[in-house]
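# Coordinate analysis (summary)
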Amino acid sequence: MSADAMSAPLPPPPVWRLAQRMSRIKTSAVREILKVAERPDILSFAGGLPAPELFPVQAIAQAHAQVMADEGPAALQYSTTEGFGPLREWIAGHLGKKGRVCEANQVLITNGSQQGIDLVAKVLLDPGDLVIVENPSYLAALQTFGGYEAKFATVESDDQGMRMDDLERVLATCKPKLLYIVANFQNPKGTTLALERRKKLVELAQQHRFLILEDDPYGELRFRGEHLPSLAAFDDQGVVVSLGTFSKTLAPGLRIGWVAGPRDFVRSLTIAKQSTDLHTATLAQRAVARLLKDFDYYAHLDALTPVYGQRANAMLDALKAYMPQGTSWTHPEGGMFLWARLPPGLSGDTLLPRAIDQKVAFVPGSPFFASDPRSEFIRLNYSNRPPELITEGMQRLGGVISGAL
């Protein structure tokens, strides 16, 4: 280095100073892994991606074309924050089939269900407020609640979902403002909250006066067993707020989700959304409403879920065939994920680079824990690969795990 270079003045520091809460928002491990894992030469089971070949592309294109032809100026104009009326009406009726009896004015259209999580946190949480989550829980929800400076209390879960005995233990010593749960095919575990536990959870929320945020992005993707009623079906005191989305059933690029709950609470969310993005895209809302009018959504689900069931079975069979002794995993009845426990002494964090070298990818389990991270777990997605590639990928992964023992 020259003397002139050594004597050159240092650049000034940035003019911005980030808010202290930014230190609580962690980088998404999934998004960072996807930068590497989605290379075309890697068999990735990391992302929560629906199968693109199952998107109803022609129907979506036709719906957009019809909207532009029939109502183009209105579809390209600003709209109400609450969302397009006919779409809200359809969603209210759809939720009624799951046990959530509500009217259109209790539904707010959002940019995916992720925005719903953010809006609920925005209107509800003050710094230091307590949020109860499963351990492990959905990573992006943990990011959101942490960004609003909430504290976490964690509840253990098993193959039947969140354990109510452990929740009662937590409630005996603390007073939460919110409980967040994915009751159907949980992310990351793929497990489902049992019927009696659903009833007990709502009972505890009513007794202890906290709000339940029921996130249900995967509930319509059941390929085994019987559908269970939503938590809202057991709620007569307004303690359950429901989130939903078309991202996993139609296409994530539409960015159409919703929040449904007590009318006054949804009004607060609407005010918060006004200051966030004014409203969800008018064209997309009208196109989805047109699609749902002319397209058999439930027949589409009937065609979609067996494919995901076939892929889940392919992964379960391949895990049984190729994983070394000491590995175990969940057996989902729907959704997009399963959760595997590595043999004793192995860590998903340290195993991932070896897996990438062998052209296979997963998400390590540790980022999904709000407290006491555990590294012996990994999350696997089966929805985005055909059975033959799932089998090949699990064979590669089994070799990586066996080689690390």
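Refer to the structure printed above.
Let me begin by describing the structure that accompanies this report. All values derive from a computational prediction rather than experimental measurement.

## What to know about the sheet that holds strand S14 (residues 363–364)
With antiparallel pairing, four strands are arranged side by side in an open sheet as S11-S12-S15-S14. Of all strands in the sheet, those bounded by a partner on one side alone are strand S11 (328–329) and S14. Examined bridge by bridge, S11 and strand S12 (residues 337–341) share two bridges and lie antiparallel to one another. Residue pairing for S12: Trp329 is matched across the bridge by Ala340.

## Some thoughts on the packing of helix H5 (residues 112–124) against helix H6 (residues 139–147)
Look at H5 against H6: their axes get within 9 Å of each other, and the N-to-C directions meet at 30°. It follows from the interaxial angle that H5 and H6 lie roughly parallel. Considering only the axes of H5 and H6, their crossing is right-handed. Each of Gln114, Ile117, Asp118 and Ala121 in H5 lies in contact with H6, whose residues at this interface are Ala140, Ala141, Thr144 and Phe145. For the contact of H5 with H6, the class distribution of residues is five nonpolar, two polar and one charged.

## Some words on the sheet that holds strand S4 (residues 151–155)
Taking strand neighbours across the sheet as the criterion, the seven strands line up as S2-S10-S9-S8-S7-S3-S4 in an open arrangement whose pairing is mixed. Lying at the two open borders of the sheet, with one neighbouring strand each, are strand S2 (107–111) and S4. On average, each strand axis in the sheet is tilted by 25° relative to the strand beside it, whichever way the strands run. Across four bridges, the pairing between strand S7 (residues 178–181) and strand S8 (residues 211–215) is parallel.

## What to know about a nonpolar patch on the surface
A grouping of Val15, Trp16, Leu18 and Met22 is seen on the molecular surface, where their side chains present a nonpolar patch of about 530 Å² in accessible area. Mapping Leu18 onto the fold places it in the loop between helix H1 (3–7) and helix H2 (29–37). Taking relative accessible area as the criterion, Leu18 reaches 63% and is therefore assigned exposed.

## Here we look at the nonpolar core
Of all hydrophobic cores here, the largest spans 98 residues; its most connected members are Leu87, Phe145, Phe246, Met315, Leu380, Met394 and Leu397. Top element by residues in this core is helix H11 (residues 297–322). It accounts for 10 residues. With 23 residues, the next largest nonpolar core counts Ala153, Ala183, Ile212 and Leu231 among its residues.

About the cut-offs
- Residues numbered from 1 in each chain as written.
- Predicted model: local features only at pLDDT ≥ 70, side-chain atom pairs only at ≥ 80, totals over all residues.
- Heavy atoms only, no water.
- Pairing = 2+ DSSP bridges.
- Helix = DSSP H or I, 4+ residues; strand = E, 2+ residues; numbered from the N terminus.
- Axes fitted to C-alpha atoms, helices over the stretch in contact; angles between N-to-C directions.
- Parallel < 35°, antiparallel > 145°, perpendicular 65-115°, else oblique.
- Left-handed = near helix turned anticlockwise from the far one by under 90°.
- Contact = heavy atoms within 4.5 Å.
- Nonpolar A, V, L, I, M, F, W, Y, C, P; charged D, E, K, R; others polar.
- Patch = residues over 30% accessible without salt bridge, like charges linked within 9 Å, V, L, I, M, F, W, Y side chains within 5 Å.
- Areas by Shrake-Rupley, 256 points an atom, 1.4 Å probe, with all protein chains shown as cover.
- Salt bridge = Lys/Arg side-chain N within 4 Å of Asp/Glu carboxyl O.
- Buried < 20%, exposed > 50% of the residue type's maximum accessible area, 1.4 Å probe, protein only.
- Core = buried A, V, L, I, M, F, W, Y, C linked by side-chain atoms within 4.5 Å.

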